[in-house]
Amino acid sequence: MKVVIIEYNAGNIQSVQYALQRIGVNAILSNDHATIKSADKVIFPGVGEASSAMRSLQQNNLHLLIPTLQQPLLGICVGMQLLCSFSEENNTDCLGVFNLTVKKFNTQSNLKVPQVGWNSIYNLSSPLMHQVPENSYCYFVHSYYVPQNNFAIATTNYVEPYASAIHHNNFYGVQFHAEKSAAVGEQILKNFMAL
Amino acid sequence: METKQIQPVSGLTKRIIPCLDIKDGRTVKGIHFEQIRDAGDPVELGAFYAEQGADELVFLDITATVEKRKTLKELANRIAAHINIPFTVGGGVSSVEDASVLLHNGADKVSINTAAFKNPNLITQLANEFGSQFVVLAIDIKQESDGNWYVYLNGGRTATNTLCTTWAKQAYELGAGEILLTSMNHDGAKQGFALDITRTLSTQLPIPVIASGGGGTMQHFEAVFKDAQADAALAASIFHFKEIAIPDLKQYLHKHNISVRL
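As the structure is a computational prediction, the values presented were derived from the model and not from experiment.

## Quick notes on the overall build of chain B
Looking only at helices and strands, one finds 10 helices and 12 strands in chain B. Taking 2.2 N^0.38 as the reference for a compact globule, 262 residues should give roughly 18 Å; the C-alpha atoms of chain B span a radius of gyration of 18 Å, in line with that estimate. Within the span of chain B, comprising 262 residues, buried residues form 48% of the whole. Taking the contacts inside chain B whose residues are at least 6 apart along the sequence as the reference set, 64% of them involve residues at least 24 apart.

Structure below.
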């Protein structure tokens, strides 16, 4: 199986490669369109700020490629957010795979923004969540979130209940860092590889 | 007009973080664990803690040799290959290049201390390059006879006349993602964490505060989460010397209505 991690300037994408190694998957990092198109599975990671991440994708025309991909694709953290149509983070137009808006957590609540740490996921559905128990804990680091919507396959409570994982056709997104979420994250990555 | 009261919900848990001191690639002050073959191996010990339910790990390198950078890089690489929870590497990180090497070898965060105090711009450079979530600012503090908490450098050997609150606030504004706060008055005494200053920072700053120094009993952890509102608590020897087992600590906190990952 050929697994490609989309390579662009978006922070710590090596972590994802290490996590896949731990479950026995050798993934390659690439920004080459032909390589990405020929993959069986594509992982679209991301850490950092939305508009600079979009600019980095645009430099290699990856913003045109990604929405056309046919194989299972997993967006992680900012990767999931970029799959949406718009982010309030520096008012950024994103890829539009999901017709959703990424919003900033309300900083007027008494909760810290960003959310950093382990939170639980519930209302789980889709094969991506196969054998993941309800209320499993995953590791999150983010200030922006995707509100509840019809594509949600997991929900998490922070400031309000929000969509912590989404799915539409061959596109999947998880807000948490599956690559750092202990056994639960490994199960989700294995599920993705089995799609 | 009627204003609607926001009732925020949160399932975010408090984090328990064992700290491993590393010298020449080996853990310092670890004792024998029946469950693992070599407690001197940071990767084996770290994996054991991860298995036990640690929420993150901190590896603090205290090697003073020129080989340091190479051993730290190799260490990060081995940890990343074996451990499935977030980990921070610290000890002598003083440039974007140092941090970049660690990131590319799998570290999720770096902790910086003296180098950031001497060159605060380093915080901004790291945050811009790798994101704030990558930057943990470690602050060693001591309460002097005037009642104020002051920043200390070089592993606590060098005093400054900068107040802890001043430096922490500046570091947040420069881009630090978390504060790792160690009270030298409390460190090693096992008489509890520095609750007042932890509460001050945790309630004044919008970023997480990791309390360190003084945790000796499970009640101390309860207090630092409940009274001082710390987001995470770090300890070393009580875990290494098996005075407190992480699963027991988490069960205790859970029973006392503190949200933890079980």
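## Concerning the UniProt feature "active site" (unreviewed entry) in chain A
All names here are of chain A. Mapped onto the present numbering, the UniProt feature "active site" (unreviewed entry) falls at Cys77, His177 and Glu179. A maximum C-alpha distance of 10.5 Å is found for the annotated residues, which run over 103 residues; spatially they form one tight group. Among the secondary structure elements, His177 is positioned in the loop between strand E12 (171-174) and helix H6 (182-194). Overall, His177 belongs to the buried group, with 24 C-beta atoms counted inside 10 Å. Discounting residues that sit within four places of it in the chain, His177 has contacts with Ile76, Cys77, Tyr139 and Val141. When the 30 C-beta atoms within 10 Å are taken as the criterion, Glu179 is described as buried. Ignoring anything within four residues of it in the chain, the contact list for Glu179 reads Ser15, Val16, Ala19, Ile76 and Gly185.

## Points about the interface of chain A and chain B
Taken together, the contacts link 36 residues of chain A with 29 residues of chain B. Broken down by secondary-structure element, the contributors of at least two residues to the side of chain A that touches chain B are helix H1 (14-22), strand E8 (115-121), strand E9 (136-142), strand E11 (152-168) and H6 of chain A. Partitioning the side of chain A that touches chain B into residue classes produces 14 nonpolar, 17 polar and five charged. Summarising the sheet, E11(A) and strand E1 (residues 9-10) of chain B pair through two bridges and their orientation is antiparallel.

## Here's the deal with the packing of helix H1 (residues 42-52) of chain B against helix H2 (residues 68-82) of chain B
All names here are of chain B. Closest axis-to-axis distance for the H1/H2 pair is 10 Å, and the angle between their directions is 35°. Crossing of H1 against H2: the hand is right-handed. Contacts from Pro42, Val43, Gly46 and Ala47 in H1 reach Leu75, Arg78, Ile79 and His82 in H2.

## A few points about the nonpolar core
Buried together is how nonpolar side chains tend to be arranged in soluble globular proteins. Residues Leu57(B), Leu137(B), Ile179(B) and Ala233(B) are the most contacted members of the largest nonpolar core, which totals 152 residues. A per-element tally of this core places E11(A) first, with nine residues. Sequence-distant contacts of Leu57(B), defined by excluding residues within four places in its chain, comprise Ile17(B), Pro18(B), Leu20(B), Gly46(B), Tyr49(B), Ala50(B), Ile83(B), Ile85(B) and Phe87(B).

## Points about the UniProt feature "active site" (unreviewed entry) in chain B
Residues and elements named next belong to chain B. Under the UniProt annotation, "active site" (unreviewed entry) lies at Asp21 and Asp140. Along the chain, the position of Asp21 falls in strand E2 (residues 15-23). Mapped onto the secondary structure, Asp140 falls in strand E7 (residues 135-143). Classification of Asp140 as buried rests on a count of 25 C-beta atoms within 10 Å.

## Some words on the pairing of strand E5 (residues 87-90) of chain B
Residues and elements named next belong to chain B. Along E5, one buried face is formed by Phe87 and Val89 and the opposite face, lined by Thr88 and Gly90, is buried too. Of the pairings in the sheet, the one linking strand E4 (residues 57-61) to E5 comprises four bridges and is parallel in character. Directly across from Val58, in E5, lies its bridge partner Thr88. Sheet topology note: the E5/strand E6 (residues 109-112) ladder contains three bridges and is parallel. By the bridge assignment, Gly90 is partnered in E6 with Ser111. Between the parallel pair E5 and E6, the chain is carried across by helix H3 (residues 96-104), and the sense of this crossover is right-handed.

## Describing the packing of helix H8 (residues 218-226) of chain B against helix H10 (residues 246-255) of chain B
All names here are of chain B. At a closest axis distance of 10 Å, the pairing of H8 and H10 adopts a crossing angle of 50°. In terms of axis orientation, H8 runs oblique to H10. At the point where H8 passes H10, the crossing takes the right-handed sense. Listed contacts from H10 to Met218, Phe221, Glu222 and Phe225 of H8 are Leu249, Tyr252 and Leu253. Residues that form the contact of H8 with H10 fall into these classes: six nonpolar, no polar and one charged.

## Some remarks on H1(A)
Along H1(A), the positions that sit buried rather than exposed are Ser15(A), Val16(A), Gln17(A), Tyr18(A), Ala19(A) and Leu20(A). Where H1(A) is buried, its residues meet strand E1 (3-6), strand E2 (27-30), strand E3 (41-44), strand E4 (73-76) and H6 of chain A together with H2 of chain B. At the C-terminal side of H1(A), Gly24(A) shows a positive phi close to 85°.

## Concerning the confidence of the model for chain B
Mean pLDDT over chain B stands at 91; residues scoring 70 or higher make up 92%. Scored as a complex, the prediction yields pTM 0.94 and ipTM 0.92.

Reading guide: rules and limits
- Residues numbered from 1 in each chain as written.
- Chains lettered and ligands numbered in written order.
- Predicted model: local features only at pLDDT ≥ 70, side-chain atom pairs only at ≥ 80, totals over all residues.
- Helix = DSSP H or I, 4+ residues; strand = E, 2+ residues; numbered from the N terminus.
- Rg over C-alpha atoms; globule rule 2.2 N^0.38 Å.
- Buried ≥ 20, exposed ≤ 12 C-beta atoms within 10 Å, placed from the backbone.
- Contact = placed C-beta atoms within 7 Å.
- UniProt positions renumbered as here; feature names shortened; annotations may be inferred.
- Nonpolar A, V, L, I, M, F, W, Y, C, P; charged D, E, K, R; others polar.
- Pairing = 2+ DSSP bridges.
- Axes fitted to C-alpha atoms, helices over the stretch in contact; angles between N-to-C directions.
- Left-handed = near helix turned anticlockwise from the far one by under 90°.
- Core = buried A, V, L, I, M, F, W, Y, C linked by C-beta atoms within 7 Å.
- Right-handed = clockwise from strand over helix to strand, strands pointing away.
- Parallel < 35°, antiparallel > 145°, perpendicular 65-115°, else oblique.
- pLDDT = per-residue confidence, 0-100.

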